[in-house]
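Single-letter residue listing:
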Amino acid sequence: MLRFAATFAVAAACSLPGVGLAAQKPAPPDSSALVRAALEAPRHVSYVGQLQTIRWGTRVANATIQRVEHLAPSSTRRTFLAPEALYGEYDITLGTTTTKIDPKQHRAMVSENLSSDNASTMNSNIALLTANYRAVLGPVEIVAARPATTVSLLNRYTGERIMRLWIDNATKIVLAKEAYHQDGSLAWRSRFDEIRFTGEIPSRVFSTAIPPDFQQLEGRRFADITEDFRRTLDDAGFRAVNPRYLPDGFHVIGAENSTFRGLHNLHILYSDGIRTLSLFENNADSEPDFGGLKPSVTHFDGHDAEYVKDGPTTLLTWREHGLAFALIGDLDLDKLTEIAVSVVP
Amino acid sequence: MHYNADILDDYLHGALGPERDATIHAHLETCAACSALYDEAAAVRDWLRRAARAEEREFPSIVKARVWESIRTAPAPPSLADRLRSLWRPMIALPVGAALGAFIYLGVPGVHGSQPAGVAATYLLEEHAAVASENPLADRGLIVPASVVDSQQTGLIDAGDAGASSGR
């Protein structure tokens, strides 16, 4: 599977328009090139701005506002301004390491993602995106008082518009994004209310020094798929299984093992370049703990299953042959169920 | 004869007795003026309902996660045995407690081994959000703040150790 993913990424990258002829004759800018430039822009463009994000659920929505300070190529600080309960919390990402600071509870958490600052990971993302989505240019609109070109990303298999981008004409930074459900309804939107392009950001903004009286928590470490994926599956402690069906365009992009209350969990991650799907597996003889969430019951293939919706995200859980499974993604319940049916130990 | 708005409002909300309700129901079939007044009241009611629905807000999931975290980290409430001990004298509590314990252990199926709590759904949602947000096109609002990360899903590390540790 790993070999397939790597081969796929290289093949898809080589199929990008203009790549093969780039040395002879520069290809004219097109929608795909614009999207690629937008994804790579944070590597060389620094900025300070205020970003608002709204996530819609079935009936209600919730929002956050963050101040974002980004120093190219890979230093970013995000500070929560709203909601009030999160005001003042911030996280600083330096390359592959993210430090989350909660000043109210005097807590800090350091996590690491070896793939997040990796050129091949970026190329794989772009390759998946290009293979699965068609970029269609739209009109120029004003976002944060700047002209931005709109680009719709249409799924090549279903024709559905899954995402719309507003790309700054001058810097190619994405000023706004909207993601849509399969039925066309809005799932979430993020948008800069204001943005200023500058590299003059004081170094103390990115200081990750943790005060001595802060409680430091062990954070997440996501495996680098080029080295750890196979070993991660072997380390699961049980025979891991994969779904036999995935929606068109989805491929495995990584896996990790984690421990919660002493329970070993395998987490396999899939993506189609925009949407992400998580499959969790463990061999504990226990029902999932929904806590304050109120799950609904559903049935498929002779199984009793439960699901909850968290904004645009759906979590589906069920048990089979001594294994407990959970599927999470911004996909409709029907689609998640279709995947779940294909997971047979 | 016409009914006033208060009576029609009561009729609209089903607050009248069966006999009065039937009388007004029959009257509305034949009286255009009362029927118009009734429609107006119904329109106002529908408008209010729509407005109320539009104003409905749900706690953000991160706030719900925080509440759940607080519940989990709160001290456990006193058990039934603790409460009985505090209420009863040892002379009575000892034999009664022993008899009750034996009855429950031997007589109630499933008590011998309780099922362990499974993985928390909030943990799974947070884990998914953390990883999904690495996609350059992801919703950055997915980022889970430190304050809502369940302390039970992490381990304390020495303050001097700046490196992240694997969960494996």
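Residue numbering note: each chain is counted from 1, following its sequence as written. The order in which chains are written sets their letters, starting at A; the order in which ligands are written sets their numbers, starting at 1. Only residues with pLDDT of at least 70 get local features here, since the model is predicted, and only at 80 or more are side-chain atom pairs given and counted; chain-wide, interface and lining totals rely on the full set of residues.

1. Points about the overall build of chain A
On a plain count of helices and strands, chain A comes out with five helices and 19 strands. Exposure criterion: with C-beta atoms placed from backbone coordinates, a residue whose C-beta has 20 or more other C-beta atoms within 10 Å is buried, one with 12 or fewer is exposed, and one in between is partly exposed. Expressed as a percentage of its 345 residues, the buried residues of chain A come to 42%. Counting contacts in chain A only where the partners sit at least 6 residues apart, residues at least 24 apart contribute 49% of the total. Secondary structure elements are taken from DSSP: a helix is a run of H or I of four residues or more, a strand is a run of E of two residues or more, and numbering for both begins at the N terminus. By definition, residue pairs are in contact when their C-beta atoms, positioned from the backbone, come within 7 Å.

2. Describing the nonpolar core
Where a protein is soluble and globular, its nonpolar side chains tend to be buried together. Nonpolar cores are built from buried Ala, Val, Leu, Ile, Met, Phe, Trp, Tyr and Cys residues. These are joined into a set through C-beta atoms within 7 Å. Judged by nonpolar contacts, the single largest core of 72 residues is most densely connected at A:M163, A:L175, A:L315, A:L316, A:L327 and B:L124. Considering every element that reaches this core, the biggest residue donor is helix α7 (residues 121-132) of chain B, with eight residues. Sequence-distant contacts of A:L316, defined by excluding residues within four places in its chain, comprise A:A305, A:Y307, A:L327, A:L333, A:L336, A:T337 and A:A340. A:F80, A:Y90, A:A108 and A:L217 belong to the second largest nonpolar core, which has nine residues in total.

3. Considering the confidence of the model for chain B
All names here are of chain B. Averaged over chain B, the pLDDT score is 64; the fraction of residues at 70 or greater is 42%. You can read pLDDT as the predictor saying how much it trusts each residue, on a scale of 0 to 100. Across residues 105-115, where pLDDT falls below 50, the model places five contacts with residues more than four positions away in sequence or in other chains. Within the model, the stretch residues 149-168 combines pLDDT values under 50 with 46 contacts to residues more than four positions away or in other chains. Confidence metrics for the complex model read pTM 0.67 and ipTM 0.79.

4. What about the environment of B:G118?
Mapping B:G118 onto the fold places it in the loop between α6 (90-107) and α7. Aside from chain neighbours lying at most four places away, what touches B:G118 is A:A284, A:S286, A:E287, A:P288, A:D289 and A:A324.

5. A word on unusual backbone geometry
All names here are of chain A. That bond from A72 to P73 is cis: its omega, 10°, falls within 30 degrees of zero. Here P73 lies in the loop between β2 (61-71) and β3 (75-82). Residue P83 follows A82 across a cis peptide bond; omega there is 5°. On the secondary structure map, P83 appears in the loop between β3 and β4 (90-94). Located in the positive-phi region is A145, a residue other than glycine, with phi close to 65°. Position of A145 among the secondary structure elements: in the loop between β7 (133-143) and β8 (146-155).

6. Describing helix α5 (residues 333-341) of chain A
All names here are of chain A. Looking at α5, one finds that the buried residues are L336, T337, I339 and A340. For α5, the angular spread of the buried residues around the axis is 160°, confining them to a single face. For α5, the secondary structure elements touched by its buried residues are β16 (296-300), β17 (303-310), β18 (313-320) and β19 (323-329). The reported arc concerns the directions from the helix axis to the C-beta atoms and nothing else.

7. Some remarks on the pairing of β2(A)
Residues in a regular strand point their side chains to alternate faces of the sheet. All names here are of chain A. Sheet analysis places strand β1 (residues 47-56) next to β2, joined by ten bridges and oriented antiparallel. Each residue of the ladder has a partner; that of G49, found in β2, is V68. The turn joining β1 and β2, which pair antiparallel and follow one another in sequence, is formed by four residues. At least two DSSP bridges between two strands are needed for those strands to be called paired. Alignment of β2 against β3, held across seven bridges, turns out to be antiparallel.

8. Some points on the confidence of the model for chain A
With 86% of its residues at a pLDDT of 70 or more, chain A shows a mean pLDDT of 84. Taken as a whole, residues 1-23 of chain A scores under 50 in pLDDT and shows 26 contacts with residues more than four places along the chain or in a different chain.

9. Looking at the sheet that holds β18(A)
The pairing of strands in a sheet happens through backbone hydrogen bonds and is either parallel or antiparallel. Residues and elements named next belong to chain A. What the seven strands build is an open sheet, ordered β13-β14-β15-β19-β18-β17-β16; its pairing is antiparallel. Where the open sheet ends on each side, the last strands, each with one partner, are β13 (251-260) and β16. Each strand axis lies, on average, 25° off the axis of its neighbour in the sheet, ignoring direction. Where strand β14 (residues 263-271) meets strand β15 (residues 276-282), six bridges bridge the pair, whose relative direction is antiparallel. Looking at the pairing, S271 lines up with T276 of β15. Whenever a helix is involved, its axis is fitted only over the stretch in contact; in every case the axis is a line through C-alpha atoms, and angles between N-to-C directions fall within 0 to 180 degrees. Of the strands in this sheet, β16, β17, β18 and β19 are in contact with α5, which crosses β18 at around 30°.

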